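Survey of secondary and tertiary structure
Chain by chain, the residues run as shown.
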Amino acid sequence: VCFIPGGLDCSISFVSHVLGKVCIHGRQKEILGVLVPRLTDLTKSDCIWQRICWRLLECVPERWMEAVVLGFVQRAPGADVLSRLLGNLVVKNKKAQFVVTQKILLLQYGHTTAVLQNLLGYLSLDGLRCTLLLRVLQELLETWSSSSAVKHSPAEQQLYISKAILICLSHLKEPEIESCRQELLMSMMEGMKCHLDSSLPQIQRLGMVVAESISLKINTEGPVLKFEYEEDDETRELKSLLVQTPSFSVVPSLPDDDRSEKASAALPLVPESDEKTHTAAPVMPDEESDAELDSDDDLIPYDISEDKELKMKAPLYIRDCIEVLTGSRSEDVDKWEATVKALESLVRKNPAATREVSVELAKILLHLEEKTCIEGFVELRQRAQVAVLTTDPIPVAKYLTSQFYSLNYSLRQRMDILDVLVLAAQELSCPKFHGKTKHSNAQKPCIQLPLGSDSSKDWRTIVDERIKSKTRRFNTGQSQVELASHPNKFNSVAGYFFFPLIQHFDRPLTTFDLLGEDHLVLGRLVHTLAVLMYLAVNTVAVAAMGKALLEFVWALRFHTDSYVRQGLLSCISSLLLSVPAEQILADMTEELLETQSWLGDVMEKDPDGDCRRLALQNLLLMENLKKKLEAVPS
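Throughout, residues of each chain are indexed from 1 in the direction in which the sequence is written. Given that this is a predicted model, residues contribute local features only at a pLDDT of at least 70 and side-chain atom pairs are listed and counted only at 80 or more, while totals for whole chains, interfaces and linings are drawn from all residues. Values reported for side chains reflect all heavy atoms of the structure, with hydrogen atoms and water molecules removed beforehand.

In the nomenclature of an unreviewed UniProt entry, the protein chain corresponds to Telomere length regulation protein TEL2 homolog from the organism Sylvia atricapilla. Checking UniProt for the protein chain, the heading Sequence similarities (unreviewed entry) contains the comment "Belongs to the TEL2 family." UniProt positions are given in the numbering used here, feature names are shortened, and annotations may be inferred rather than shown by experiment.

Take a look at the structure:
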């Protein structure tokens, strides 16, 4: 920055042109890294330098304005500093207003939280700019409450918009909230519904946090919204944005003595008498303490240290278990608890008796409700269902798959059916391990599906494990676990698990519409089919299953829900990994070429990052398949 001696008038438009051209040609960091700190110091107490700085930015040509404004927003140490540097530029210059109120907030989402705080804090520091802040908040809420935006925008952009909304709310004062209270309420209701309808937990949580924050702002005296969700670092950060923290300017370092003196001077002095009143404990008069004593305190308690709790004995036969579980007498509650806890082991110990009543028992367990508060009831019931299904796979699988598309079932019961089918298929298909080395805790190649876990996370594990198993590595590390050969029990029953699930997905029922509002269950169904396809490797029906699955994926490939699309891409991965390459080329050549073109579009255009990653992974698997076939001599 140069100084003009003698009080001469001068024009700084040339400097503005140089600044704009340097920034637009990629040297924004170098020039603003020096200019912004210098202007920050000069404008701190000099209004003339503030006017010079405003004039410098106002004279930047429009075609270069975006690069200059963005650079100042990113490098200003706080909103108050940015206000000194920019002045009312956003009010005077349309291009700067578009960049600040539209492009940075709605068309981009890669900026840090500090940039958002600088930008929105700058808009809130002046009466003229405050109207722009209200307009920005309205546009952000329109985007946040749009069902189309929730479905088609990446999760990162929705998080970015949520942060911007919360920062805007933190800057609103009571008169401004009063002027737009009704609009805030309408946007909150619409946006909350859109986010809770999403299948992705992260999007649902974003909707809950933002709705809670809006409710807190518009209902300062009455009841506010409160959701139950597991807090993580992301939600804690979002909630912290609703509270303004005072910005402190950076001061030069002080010697140690000065620091201690200034620190002690900043502490409030507490009178000695106050300290004593804080630490003193209230003393009760003797009369009151004696009056509170109960006359029964003189009684000597019984010694119950050696007493043992009487445990209800569980039934020893499967039919007795059925009678207990279907009974309604309240005095049998203890026996009912003991039966639920012992049922799984009883089923596995008595396979012949279980087969006689397997379908009846599966029906009872599917409709079983918790009578008492048993720890882990859902897990106990699910393990018992899996035990029954693995003991008698064909009739029980027929029953469960037929009930999935039946009337009068809740969505929770339908998803329970899918979970049981997956866990039973895994148990039937995975061989038992007999480690012959001391490394008994080595990782198993079969995929463990945790109870109640998200299928999409399991699928990442499945694909990664299978790709690792097909990768050759030469090393001299620890010895591997040797597997004893066992028959794959899933081989003869895979079709009973798979084909009934894929048949009626496009037939809406009165209370169940997979292609409509019940897309969460559709997502779980798609992930279930992907896992069943993977577990059917080397089975007789794998080729027919693969062809049917490919037609199913092709029918749903443009689904708007990202969770469903992730499942469809996982289905392609399971097909490529499970069906032999020769059968793929013999039966599905044309379909595979069309699928390859679709995967390319997903990799380039899909807004969801997991979908893009899975599409790329599938293209790599196809390329490996092609190389493998080319290497085989004709």
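**A few points about the side chain of Q97**
Along the chain, Q97 turns up in helix α6 (residues 94-107). To sort residues, take the accessible area from a 1.4 Å probe on protein chains only and compare it with the maximum for the residue type: under 20% means buried, over 50% means exposed, and anything in between is partly exposed. On the accessibility criterion, Q97 (11% relative accessible area) is buried. Counting of polar contacts relies on pairs of N or O atoms within 3.5 Å, with two restrictions inside protein: one atom must be capable of donating a hydrogen and the other of accepting it, and residues adjacent in sequence are counted only when both atoms are side-chain atoms. Here the side chain of Q97 touches R135 through a polar contact of 3.2 Å, side chain to side chain. Pairs of residues are marked as contacts when any of their non-hydrogen atoms sit within 4.5 Å. Setting aside its immediate chain neighbours within four residues, Q97 contacts V90, V91, Q102, L132 and R135. Put simply, DSSP H or I for four residues or longer makes a helix, DSSP E for two residues or longer makes a strand, and each gets a number counted from the N terminus.

**Examining helix α24 (residues 411-429)**
Here α24 contains 19 residues, and its C-alpha end-to-end distance of 27 Å stays within 8% of the 27 Å for a straight helix at 1.5 Å per residue. Across the 19 residues that make up α24, a large majority, 16, are buried. Helices are assigned an expected span. That span is 1.5 Å times one less than the residue count.

**Examining the packing of aromatic side chains**
Under the pairing criterion, centres of Phe, Tyr and Trp rings, with the six-membered ring standing for Trp, must be within 6.5 Å; the plane angle then separates stacked pairs below 30 degrees from edge-to-face pairs above 60, leaving the rest tilted. Under the criterion given, the structure shown has 5 aromatic pairs. The interplanar angle of 25 degrees and the centroid separation of 6.0 Å between the aromatic rings of W336 and F377 together place this pair among those described as stacked. Taken together, the residues span a long stretch of sequence, with W336 in helix α19 (residues 333-349) and F377 in helix α22 (residues 377-391) at a distance of 41 residues. Accessibility expressed as a relative area gives 1% for W336, which makes it buried. The exposure class of F377 is buried, given its relative accessible area of 5%. Arranged with centres 4.8 Å apart and planes meeting at 80 degrees, the rings of F505 and F552 form a pair that is edge-to-face. Here F505 is found in the loop between α26 (494-503) and α27 (519-535), whereas its partner F552 is found in helix α28 (residues 542-556), with 47 residues between them in sequence. Geometrically, a charge over a ring is one whose NZ (Lys) or CZ (Arg) sits within 6 Å of the ring centre while staying within 35 degrees of the ring normal. Taking NZ or CZ as reference, R63 lies 4.3 Å from the ring centre of W64, over its face.

**Digging into the packing of α6 against helix α8 (residues 127-144)**
For helices, the fitted axis covers only the stretch in contact; all axes are lines through C-alpha atoms, and the angles between them, taken along N-to-C directions, range from 0 to 180 degrees. Across the interface, α6 lies against α8 with an axial gap of 11 Å and an inter-helix angle of 25 degrees. Accordingly, the angle class assigned to the pair α6 and α8 is roughly parallel. Note that α6 runs across α8; the crossing there is right-handed. Of α8, the residues touching α6 (which contributes Q97, T101, Q102, L105 and L106) are L132, R135, V136, E139, L140 and T143. Its residues assigned to classes, the contact of α6 with α8 comprises 5 nonpolar, 4 polar and 2 charged. Roughly parallel means an angle under 35 degrees; roughly antiparallel means over 145; roughly perpendicular covers 65 to 115; every other angle is labelled oblique. Handedness of a crossing follows from how the near helix is turned relative to the far one, being left-handed for an anticlockwise turn of less than a right angle and right-handed for a clockwise one. In this count, Pro and Cys sit with the nonpolar residues alongside Ala, Val, Leu, Ile, Met, Phe, Trp and Tyr, while Asp, Glu, Lys and Arg are called charged and the others, Gly among them, polar.

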